[in-house]
Amino acid sequence: MIDAFRRLYGSADSVRVFRAPGRVNLIGEHTDYNLGFVLPVALDLATFVAGAPSPDGKLRIHSEDRRESVEWPLSEVSALSPRRHWSDYPIGVAQELIRAGFTLQPLNLLIHSTVPEGSGLSSSAALEVSTALCLLQGRPMGPLDLARLCQRAERSFVGMPCGIMDQYISVFGREHAAVCIDCRSLESQVVPLPEGIEFVAVNTMVKHELASSAYRERTEQCAAAVQAIRRQYPAVESLRDVTPEMFEQAEASLPAVIARRARHVVSEDARVTQFMSACRQGDLVRMGELFEASHRSLQHDYEVSCDELDFLVDAALGLEGVYGARMTGGGFGGCTVNMMRPDAVTHFRRQIAQAYHERFGIHPQMYDCRPSSGAEEEKNIESISPAARLGS
Ligand code: GLA
């Protein structure tokens, strides 16, 4: 990246590089905007943003992966409007920083990401968080404020009414562990993963058109469920407040579709708690069962799966050594996450690749999910001498 930066901008003096990871969510899907629980893992797939002061008062952003640059005089950044372009993410973040009272410096930025776009592994949050850190250039901001600022950028500028999970885990990720986030209190708990399992994400390589409109529709249906349930239980403010018993009492009074959506959210929240206790007990079989139950609920009640995801889940569940499989992220494409014995991984990869290709004519990418730490500055680049950098 340093070499690419130098080639692009003529000098890499004073360059600083910031990294923010993507994530895979183990369980707790579509619960974050209902203020419930999620259990994501930060990945070693990440977005890197390199930045150095620009001498001409401009903010310049180059995406290495898109091979495309954008630039504006810094004074114009606060007035820009979204244009459904990759630069909406960094610009949204820049505007939120300005709104939060930070004076931005003119910078040249270079973005490079190893989080596959459209894969449901949260490339957007990784871009937002790494950009925010780079624009801050080392000025302090509390980690929770950072996550919330990036979520606001996505909600208000990009226009995606997302929950807090992706930005939160990108900031708070931990090595060797998942993080259980309480999306109401915004407190979290580190959840060490038991020995003897591997998580592998499989990419359908598709993202259906429906994804963002259906996401918005689900948030509206959840709000409608809350309104209806409040008639019986006035203290309910979000689906987080609805226990499985309360849901049973209220179910008959809800329109059928709304009832299914609420049933998913209420049961999924309970599954997160059950999954964590199975995790603590090292009960791998139970963890796998909860994975599958989560997928079926997303498939039939929340209706955010698709043929490709269902095929991958069903194929995985038929393989030796696989404890569980489910879609992960928003749905309508993206990835499944699969939990298996370490000695099953090679066979799993081969069988799944072959079966998916036979059925859909597509080679699925696969990623070993290695739980990684949250966003930070890449300090080690300072130890690389200019000569060594040039030689690389
Ligand atoms: C997307 C959103 C998250 C979350 C998931 C579904 O990734 O960005 O906030 O709602 O979908 O769990």
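A quick note: this is a predicted structure, and the numbers were derived from the prediction, not measured. Position numbers for residues start from 1 in each chain and track the written sequence from start to end. Only residues with pLDDT of at least 70 get local features here, since the model is predicted, and only at 80 or more are side-chain atom pairs given and counted; chain-wide, interface and lining totals rely on the full set of residues. Hydrogen atoms and water are omitted, and side-chain values are computed over all heavy atoms in the structure.

### Thoughts on the overall build of the protein chain
Note the following rule: Going along the chain from the N terminus, every DSSP run of H or I of four or more residues is numbered as a helix, and every run of E of two or more is numbered as a strand. Radius of gyration: over C-alpha atoms. The globule rule applied is 2.2 Å multiplied by the number of residues raised to the 0.38 power. Working definition: with a 1.4 Å probe on protein chains only, accessible area under 20% of the residue-type maximum means buried, over 50% means exposed, and in between means partly exposed. Should any heavy atoms of two residues lie within 4.5 Å, those residues are considered in contact.
When helices and strands are tallied, the protein chain shows twelve helices and 13 strands. Computed over C-alpha atoms, the radius of gyration of the protein chain comes to 22 Å, within 12% of the 21 Å expected from 2.2 N^0.38 for 392 residues, which places it in the range of a compact globule. Sorting the 392 residues of the protein chain into buried and exposed places 56% on the buried side. By sequence separation, contacts in the protein chain at least 24 residues apart represent 71% of the contacts at least 6 residues apart.

### Structural notes on the site of the ligand
Definition in use: We call a residue near a molecule or strand whenever a single non-hydrogen atom of that residue lies within 4 Å of it. Under this definition, polar contacts are N or O atom pairs within 3.5 Å; protein pairs additionally need one hydrogen-donor-capable and one acceptor-capable atom, and for neighbouring residues in sequence, both atoms have to be side-chain atoms. Reported accessibility uses the Shrake-Rupley method at a 1.4 Å probe radius. Residues are deemed covered only where the shown protein chains occlude them.
As a structural note, the neighbourhood of the ligand is formed by Arg23, Glu29, His30, Asp32, Tyr33, Cys162, Gly163, Met165, Asp166, Tyr215, Gly329 and Gly330. Histidine 30 is positioned with one of its backbone polar atoms (N or O) 2.7 Å from an oxygen atom of the ligand. Here aspartate 166 contributes a side-chain N or O atom positioned 2.8 Å from an oxygen atom of the ligand. Burial of the ligand by the surrounding chains reaches 94%, relative to a free accessible area of 300 Å².

### Concerning the nonpolar core
Note the cut-off: We define the nonpolar core as a collection of buried residues of types Ala, Val, Leu, Ile, Met, Phe, Trp, Tyr and Cys that are connected through side-chain atoms lying within 4.5 Å of one another.
Among the nonpolar cores identified, the biggest contains 45 residues, and Leu59, Ile61, Ile91, Leu97, Leu109 and Leu135 are the most heavily contacted of them. For this core, the element with the most residues is helix H3 (residues 123–136), which contributes seven residues. With near-sequence residues (within four places) excluded, leucine 97 lies in contact with Phe102, Leu104, Ala132, Leu135, Leu136, Met141 and Leu149. Residues Val41, Phe199, Met276 and Cys369 belong to the second largest nonpolar core, which totals 31 residues.

### Comments concerning the sheet that holds strand E2 (residues 37–38)
The test is simple: Between any two strands, at least two bridges found by DSSP are needed for them to pair. For helices, the fitted line uses only the C-alpha atoms of the stretch in contact; every axis is such a line through C-alpha atoms, and the angle between N-to-C directions lies from 0 to 180 degrees.
Pairing in this open sheet of three strands is antiparallel, and the strands run E2-E7-E8 from one edge to the other. Looking at the sheet topology across the chains shown, the edges are occupied by E2 and strand E8 (188–192). Summarising the sheet, E2 and strand E7 (residues 177–182) pair through two bridges and their orientation is antiparallel. When the bridges of E7 are listed, valine 38 appears paired with isoleucine 181. In the packing of helix H5 (residues 165–172) onto the sheet, contacts are made with E2, E7 and E8, and the angle to E7 comes to roughly 135°.

### Quick notes on the pattern of salt bridges
Convention followed: Any carboxyl oxygen of Asp or Glu within 4 Å of a side-chain nitrogen of Lys or Arg constitutes a salt bridge here.
One pass over the full model with this rule turns up 29 salt bridges. The closest approach of N and O atoms between arginine 326 and glutamate 29, which form a salt bridge, is 2.8 Å. Placement of arginine 326 in strand E10 (residues 322–328) and of glutamate 29 in the loop between strand E1 (16–25) and E2 is noted, with a sequence separation of 297 residues between them. The same class applies to arginine 326 and to glutamate 29, which are both buried. Residues participating in the shared-partner salt-bridge network are Glu29, Glu268, Arg271 and Arg326.

### Focus on the pairing of strand E3 (residues 40–53)
In terms of burial, E3 is a largely internal element, twelve of the 14 residues being buried. Bridge analysis of E1 against E3 gives nine bridges, and the strand direction is antiparallel. When the sheet's bridge partners are listed, arginine 23 is paired in E3 with alanine 42. Note that E3 and strand E6 (residues 107–113) share seven bridges and pair antiparallel. The partner of valine 49 across the bridge, within E6, is isoleucine 111.

### Observations regarding unusual backbone geometry
One non-glycine residue, leucine 35, lies in positive phi territory at about 60°. Position of leucine 35 relative to the elements: it lies in the loop between E1 and E2. A positive phi angle, near 55°, is found at phenylalanine 332, a position not held by glycine. Assignment of secondary structure puts phenylalanine 332 in the loop between E10 and strand E11 (333–340).

### As for the packing of aromatic side chains
The criterion, for reference: In this analysis, rings of Phe, Tyr and Trp, with Trp reduced to its six-membered ring, are considered paired at centre separations within 6.5 Å, and the interplanar angle assigns stacked below 30 degrees, edge-to-face beyond 60, and tilted for intermediate values. Any Lys NZ or Arg CZ that is within 6 Å of a ring centre and within 35 degrees of that ring's normal is treated as a charge sitting over the ring.
Within this structure, the stated rule accounts for eight aromatic pairs. Here the aromatic rings of phenylalanine 199 and phenylalanine 291 are separated by 6.1 Å at their centres, their planes lie at 35°, and the arrangement is tilted. Taken together, the residues span a long stretch of sequence, with phenylalanine 199 in strand E9 (residues 198–207) and phenylalanine 291 in helix H9 (residues 284–300) at a distance of 92 residues. Among the residues examined, phenylalanine 199 registers a relative accessible area of 5% and is labelled buried. Centre to centre, the rings of phenylalanine 275 and phenylalanine 291 are 5.6 Å apart; their planes meet at 20°, and the pair counts as stacked. With phenylalanine 275 in helix H8 (residues 256–281) and phenylalanine 291 in helix H9, this residue pair connects regions lying 16 residues apart in the sequence. Relative accessible area serves as the criterion here: at 0%, phenylalanine 275 is assigned to the buried category. A connected cluster of aromatic rings, assembled from ring pairs, spans Phe199, Phe275 and Phe291. Cation over ring: arginine 218 sits above tyrosine 302, and NZ or CZ is 5.9 Å from the ring centre. The ring of phenylalanine 291 has arginine 326 sitting right over it, with the charged end atom 5.9 Å from the ring centre.

### A closer look at the sheet that holds E11
Judged by pairing direction, the sheet is antiparallel, and its four strands sit side by side in the order E10-E11-E9-E12 without closing on themselves. A strand with exactly one partner marks an edge of an open sheet, and here the two such strands are E10 and strand E12 (366–368). For this sheet, the mean inter-axis angle between neighbouring strands, taken without regard to orientation, is 20°. In this sheet, E11 lies alongside E9 in antiparallel orientation, the contact comprising seven bridges.

### Some thoughts on the environment of arginine 218
Mapped onto the secondary structure, arginine 218 falls in helix H6 (residues 211–230). Look at arginine 218 and you get buried, because its relative accessible area is 4%. Residues arginine 218 and threonine 328, spaced 110 residues apart in sequence, show a C-alpha to C-alpha distance of 16 Å. In contact with arginine 218, other than residues within four places in its own chain, are Tyr33, Arg261, Tyr302, Glu303, Val304 and Phe332.

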